Amino acid sequence: DKLSDDEGDVDETTDATSALKAAVKRMAKKKKEAKKLNELEDEARAFLEKMNEAADADDASIAARKPATKKLAMLPQVLEMLAKKDMIRPLLDLELLSVCKRWVQPLPNGSLGNVTLRHRIIEAISGLTGETGVNASDLKRSGFGKVVMTLYMHK
């Protein structure tokens, strides 16, 4: 009688262990294949072109005195791309900050653009730190810091 109880415990333990192992296996992340540098640069180039197109479309809308919504519609994609650690340096090398400067700078009439857009872009860029992140030469080359100061001093 006692022997059968012990066997039952062993079966339950084995079932629990195998169930746990199966769960761990399902949850294990699949390793992504690391992209080559030229693939990252091509992806970054295409993405920055989309950002420039959105800025151009919004500039044309503003000139025509119509609502400028292209940048705001693209904002989630931009934030997602800026969150990818492997894309930071290729984007910065291809003038990400110059494009972002266009996105956050004051409008031609001197008024400020969408506050959500400005806040989220500046916040995302401030998070690009570390050895592959934004450095002083990136800021000087793009003029992004000057635009941020203009926004800071805006009344």
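Here is what the cut-offs are and how they apply
- Residues numbered from 1 in each chain as written.
- Predicted model: local features only at pLDDT ≥ 70, side-chain atom pairs only at ≥ 80, totals over all residues.
- Heavy atoms only, no water.
- Buried < 20%, exposed > 50% of the residue type's maximum accessible area, 1.4 Å probe, protein only.
- Helix = DSSP H or I, 4+ residues; strand = E, 2+ residues; numbered from the N terminus.
- Arc of directions from axis to C-beta.
- Contact = heavy atoms within 4.5 Å.
- Core = buried A, V, L, I, M, F, W, Y, C linked by side-chain atoms within 4.5 Å.
- Salt bridge = Lys/Arg side-chain N within 4 Å of Asp/Glu carboxyl O.
- pLDDT = per-residue confidence, 0-100.

**Focus on helix α5 (residues 96-104)**
Then comes step 1: Taken together, the buried positions of α5 are Leu-96, Leu-97, Val-99, Cys-100, Trp-103 and Val-104. Along the axis of α5, the buried residues cluster in a sector spanning 155°; they form a single face.
Then comes step 2: Close packing links the buried residues of α5 with α2 (37-63), α3 (70-82), α4 (88-93), α6 (115-126), α7 (136-142) and α8 (144-153).

**So, the nonpolar core**
If you look at soluble globular proteins, the nonpolar side chains tend to sit buried side by side.
Then comes step 1: Ranked by internal contacts, the top residues of the largest apolar core, which has 30 residues, are Met-51, Val-78, Leu-91, Leu-96, Trp-103 and Ile-121.
Then comes step 2: Of the residues forming this core, the biggest block, 7 residues, is contributed by α2.
Then comes step 3: In contact with Trp-103, other than residues within four places in its own chain, are Met-51, Ala-54, Ala-55, Lys-71, Met-74, Val-78, Leu-117 and Ile-121.

**Some thoughts on the pattern of salt bridges**
Then comes step 1: Scanning the model with the defined rule gives 6 salt bridges in all.
Then comes step 2: With a closest N to O distance of 3.4 Å, Asp-42 and Arg-45 form a salt bridge. Note that Asp-42 and Arg-45 are positioned in helix α2 at a spacing of 3 residues, about one turn of the helix.
Then comes step 3: A salt bridge links Asp-93 to Arg-89; the shortest N-O distance between them is 2.9 Å.

**Some details on the confidence of the model for the protein chain**
Then comes step 1: Mean pLDDT for the protein chain: 79, with 85% of residues reaching 70 or above.
Then comes step 2: For the protein chain, helix α1 (residues 2-27) is the element with the lowest average pLDDT, namely 66, and α3 is the one with the highest, namely 89.

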